[in-house]
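A structural walkthrough
Take a look at the letters that make up each chain.
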Amino acid sequence: MTILLDPEENETKALLACAGDLAGKRVLEIGCGDGRLTWRFAPMAAQVIAIDADAGKISRARQNLPPELRERVTFYACGLEQFVARFPPGSDKPFDLALLSWSL
Amino acid sequence: MHALEIIHTLLARDGCLIDLHPDGQPPPFVAWIGGQSYLFGRLQESDDFIEYAQADAALAEAIRRGWFEVERQASFSFITHGDSAAELFAFLNENWTDAVIADEVGERAQELSLLYGPISSVQMSEQTRIARLRKISRV
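To start, this report covers the structure provided alongside it. (Residues numbered from 1 in each chain as written. Chains lettered and ligands numbered in written order. Predicted model: local features only at pLDDT ≥ 70, side-chain atom pairs only at ≥ 80, totals over all residues.)

**Quick notes on the overall build of chain A**
Broken down by element type, chain A carries four helices and five strands. Along chain A, helices (α) and strands (β) appear in the sequence β-α-β-α-β-α-β-α-β when read from the amino end. Radius of gyration (C-alpha) of chain A: 13 Å, near the 13 Å computed for a compact globule of 104 residues. Seen through its C-alpha atoms, chain A measures out along the principal axes to roughly 40 × 30 × 30 Å. For chain A, buried positions account for 38% of its 104 residues. Considering only intrachain contacts with a sequence separation of at least 6, the fraction spanning at least 24 residues in chain A is 60%. (Helix = DSSP H or I, 4+ residues; strand = E, 2+ residues; numbered from the N terminus. Rg over C-alpha atoms; globule rule 2.2 N^0.38 Å. Buried ≥ 20, exposed ≤ 12 C-beta atoms within 10 Å, placed from the backbone. Contact = placed C-beta atoms within 7 Å.)

Here is the structure:
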């Protein structure tokens with residue numbers, strides 16, 4: 001099976017054009033799934049917290065996390081309300097960018 | 001609490017939000033045969049893509065409430081590519097819970113193959129919106 005998602009990288013180009021310079025930025029990705037989009041922008045950011053309520057997808061994301069991103073990307077299997085209950089505003093540094101990737 | 005209000009509380013004072021979601025129009029299926037493209041149907045959803053209209057409404061509400069303002073917007077085609085209609089349909093049925101692919105869509109793909117030759121690839125193209133919104137910090 002050779003299903004390709006975004007083979008022309010239109011999504012990646014649009015996201016990076018919209019996000020601008022991610023150097024030094026702390027990003028919260030909501031609805032990250034298995035990390036498909038996370039890999040595209042995480043190398044440019046300082047830190048990425050990526051959440052998804054689907055534990056199976058988060059498990060795959062953790063398995064597929066490239067070694068060079070392990071210090072930079074953290075996945076949580078939870079929805080947004082659970083995340084903010086665990087990490088309420090002020091408990092950590094605020095995010096510079098929140099990314100709703102097909103999840104609103 | 002509204003999801004976008006939660007996000008507002010998590011962002012830095014000069015933080016921003018980027019949202020991506022499809023525009024809600026049924027995405028077309030295109031078959032490539034001998035270098036030519038042929039439209040042979042569209043994906044439907046059992047709930048008529050209502051979630052995308054709801055996403056639009058949620059963003060509009062967040063802007064109305066003064067949580068965010070739009071800095072820029074754009075759109076792009078998000079393509080899902082398969083080597084055959086059967087392969088693409090199987091992927092969609094497995095990964096898209098609300099997907100509805102009418103029988104006549106698959107039949108049309110077979111007709112094209114009989115008329116014009118073997119299908120080399122099939123694509124589904126979703127027109128997707130991307131918006132960057134700036135957090136409005138309450139004084």
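Now that the structure has been shown, the text picks up again.
**So, the overall build of chain B**
A count of helices and strands for chain B gives four helices and seven strands. For chain B, the α and β elements follow one another from N to C terminus as α-β-β-β-β-α-β-α-β-α-β. Radius of gyration (C-alpha) of chain B: 19 Å, far over the 14 Å computed for a compact globule of 139 residues. Seen through its principal axes, chain B has C-alpha atoms that stretch 65 × 30 × 20 Å. Within chain B, the fraction of its 139 residues that count as buried is 32%. Within chain B, contacts between residues at least 6 apart in sequence are counted, and of these 80% link residues at least 24 apart.

**Describing the interface of chain B and chain A**
Chain B puts 30 residues into the contact, and the matching count from chain A is 29 residues. Of all elements in the fold, only α1 (3-10), β1 (11-22), α2 (50-64), β5 (68-82), α3 (85-95) and β7 (121-135) of chain B reach the threshold of two or more residues within the side of chain B that touches chain A. For the side of chain B that touches chain A, the per-class residue count stands at 18 nonpolar, seven polar and five charged. With six bridges connecting them, strand β5 (residues 95-101) of chain A and β1 of chain B associate as parallel partners. Across the sheet, S101 of chain A pairs through a bridge with L20 of chain B, a residue of β1 of chain B. (Nonpolar A, V, L, I, M, F, W, Y, C, P; charged D, E, K, R; others polar. Pairing = 2+ DSSP bridges.)

**Overview of the environment of R132 of chain B**
Topologically, R132 of chain B is positioned in strand β7. Those residues in contact with R132 of chain B that sit more than four places away from it in its chain are C18 of chain A together with C16, I18, E71 and R72 of chain B.

**Some points on the environment of I136 of chain B**
Residues and elements named next belong to chain B. The residue I136 is located in the segment after β7 in this model. Of the residues examined, I136 has 14 C-beta atoms within 10 Å and is grouped as partly exposed. In sequence terms I136 and D14 are 122 residues apart; their C-alpha atoms lie 8.0 Å from each other. Apart from the residues lying within four places of it in its own chain, the contact partners of I136 are G66, W67, F68 and E69.

**A look at α3 of chain B**
Residue and element names in this part refer to chain B. Every buried residue belonging to α3 is among A85, L88 and F89, and all of these are buried. With its buried residues spanning 95° around the axis, α3 presents them on a single face. Residues of α3 that are exposed and angled more than 90 degrees away from the buried face: E94 and N95. Contacts made by the buried residues of α3 are with β2 (28-33), β5, α4 (103-116) and β7. (Arc of directions from axis to C-beta.)

**Notes on the nonpolar core**
A50, L97 and A98 of chain A together with L17, I18 and I130 of chain B are the most contacted members of the largest nonpolar core, which totals 46 residues. Residues in contact with I18 of chain B, not counting those within four places in the same chain, are L15, C18, A19, L97 and L99 of chain A together with I130 and R132 of chain B. Within the second largest apolar cluster, 11 residues are counted, among which are A31, A85, L88 and A109 of chain B. (Core = buried A, V, L, I, M, F, W, Y, C linked by C-beta atoms within 7 Å.)

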